[in-house]
Amino acid sequence: MALAARTEAWARQERINYNATSAMLTAWKKTEELSYLGEVSSVPLQQALRHLQVAFTNFFGKRAKYPRFKSKKKSRKSAEYTTSAFRYRDGELTLAKMTEPLAIVWSRPLPEGATPSTVTVSQDSAGRWFVSLLCEDPGITPLPATGTAVGIDVGLDHLLTLSTGEKITNPRHERRDRVRLATAQRALARKAKGEGANRAKARRRVARIHARIADRRRDHLHKLTTRLVRENQTLVIEDLTVRSMVKNRSLARAISDAAWAEFRSMLEYKAAWYGREVIAVDRFFPSSKLCSVCGTLLTEMLLKVRTWRCDSCGTVHDRDVNAAKNLLAAGLAVSVCRAGVRPQRRTPGGQSATKQKPSQREP
């Protein structure tokens, strides 16, 4: 309703700020139709108006698109409570207008001495409830420097191939539950459309399978990225445009299941926590076609070619291991450049880790 009011005012070339929508909320509570808004704490309602104000601020600052209405069915339901609307004592959380604390199965204890500043209660599409507590964690400290570096090449046959030669199997979480998911989706499609109880049960059954897949995938990526960050000081990856790659209908499902973008996101924020460095090599760098021994560049290589022999030095390469080694070399070159030292070209066929503009020339 606040978004609708601000949109109508925008059409009249008027602007409504947070204070105006807050006054509207007070008037809405006094109406018979919306009197139920007074049955809950006012804090989550005010927080929703503040989030809308931030969305409009980003829009006017040309950092985001115009705010849009969210679907009640598809969007994650949530309510945000600030310090005045909840009480956290002795491991128990009580929200405003509740007499008893919430029955919570804690996934982990709060950091010692931490005080929550914000509590967000949410429900996912599978009907599961979650509570997130925002607090400052003083326990995150940089890890001791290791001096090791690793190149990481992502793939589908193997989720990751490291420059050390190690290959990490792709669990293919979605494929393991594909039969169950298809059965549940067919059952949902047969239900009459509407708000019926049977359709709601079938929809939740599909959502629970999706949630199971997502949970397993996220757990595996967390364990994998934590291990890589703990063992290596520098991690070199390829700057892939996953959003464009999933447009390939033949590979879209497999790429989405591999979750390359989520892997990179986890790797980057954990590296920032623990004092590690993540270097993203330009996507146009020919890591697969470049010989990691002598620097000879092949003109063409089909995707089905998994091993190849260099015509110059005769080295037999595993495609993915060779790509990971080239990514590592290119990333270390970028790191040296950042330190103010210009690396020497390894061979006449050597490639730069970053795409060079046509106007730039090497003296």
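Sequence positions are assigned chain by chain, starting from 1 and proceeding in written order. The predicted origin of the model limits local features to residues at a pLDDT of at least 70 and limits the giving and counting of side-chain atom pairs to 80 or more, whereas totals for whole chains, interfaces and linings rest on all residues. Only hydrogens and water are set aside; all other atoms, that is, all heavy atoms of the structure, feed into the side-chain values.

As named in an unreviewed UniProt entry, the protein chain is Putative transposase, taken from Streptomyces jeddahensis.

1. Side note on the sheet that holds strand β1 (residues 77–82)
Strands sit in the order β1-β4-β5 across an open sheet of 3 strands; the sheet is antiparallel. Here the strands that pair on one side only, and so sit at the sheet edges, are β1 and β5 (129–134). The sheet shows a mean angle of 15° between the axes of neighbouring strands, taken without regard to direction. By the convention used here, strands pair only if DSSP detects at least 2 bridges between them. Numbering of helices and strands runs from the N terminus, with a helix taken as a DSSP run of H or I at least four residues long and a strand as a DSSP run of E at least two residues long. Lines fitted to C-alpha atoms define the axes here, with helix axes fitted over just the stretch in contact, and angles between the N-to-C directions of these axes take values from 0 to 180 degrees.

2. Quick word on the domain arrangement of the protein chain
Here the protein chain is partitioned into domain 1 (1–61), domain 2 (77–135) and domain 3 (149–171 + 218–340). Any two residues whose heavy atoms approach within 4.5 Å at even a single point are treated as in contact. Facing the 8 residues of domain 1 at the interface are 8 residues of domain 2. By salt bridge we mean one thing: a side-chain nitrogen of Lys or Arg within 4 Å of a carboxyl oxygen of Asp or Glu. The tally of links from domain 1 across to domain 2 stands at 0 salt bridges. Two N or O atoms form a polar contact when they lie within 3.5 Å of each other; inside protein one atom must be a possible hydrogen donor and the other a possible acceptor, and for residues adjacent in sequence the pair counts only when both atoms belong to side chains. Viewed at the interface, domain 2 and domain 1 are joined by 4 residue pairs in polar contact (both at pLDDT 80 or more). The domain limits used here are those given by an automatic or database domain assignment.

3. Brief notes about the packing of aromatic side chains
Stacked, tilted and edge-to-face are the three classes applied to pairs of Phe, Tyr and Trp rings, where Trp contributes its six-membered ring and a pair requires centres within 6.5 Å; stacked means planes under 30 degrees apart, edge-to-face means over 60, and tilted covers the rest. For the structure shown, the criterion picks out 10 aromatic pairs. Ring geometry for Trp-10 and Phe-59: centres 6.0 Å apart, planes at 75°, overall edge-to-face. Taken as a pair, Trp-10 in helix α1 (residues 2–11) and Phe-59 in helix α3 (residues 42–60) lie far apart in primary sequence, 49 residues in all. The buried label goes to any residue with under 20% of its type's maximum accessible area, the exposed label to any with over 50%, and the partly exposed label to all in between, with areas taken from a 1.4 Å probe on protein chains only. Relative accessible area serves as the criterion here: at 21%, Phe-59 is assigned to the partly exposed category. With centroids separated by 5.3 Å and ring planes inclined at 55°, the aromatic side chains of Phe-59 and Phe-60 adopt a geometry described as tilted. For a Lys NZ or an Arg CZ to count as sitting over a ring, it must be within 6 Å of the ring centre and within 35 degrees of the ring normal. Positioned over the ring face of Phe-56 is Arg-6, at 4.2 Å from the centre of the ring. Lying over the aromatic face of Phe-60, Arg-15 brings its terminal NZ or CZ to 3.9 Å of the ring centre.

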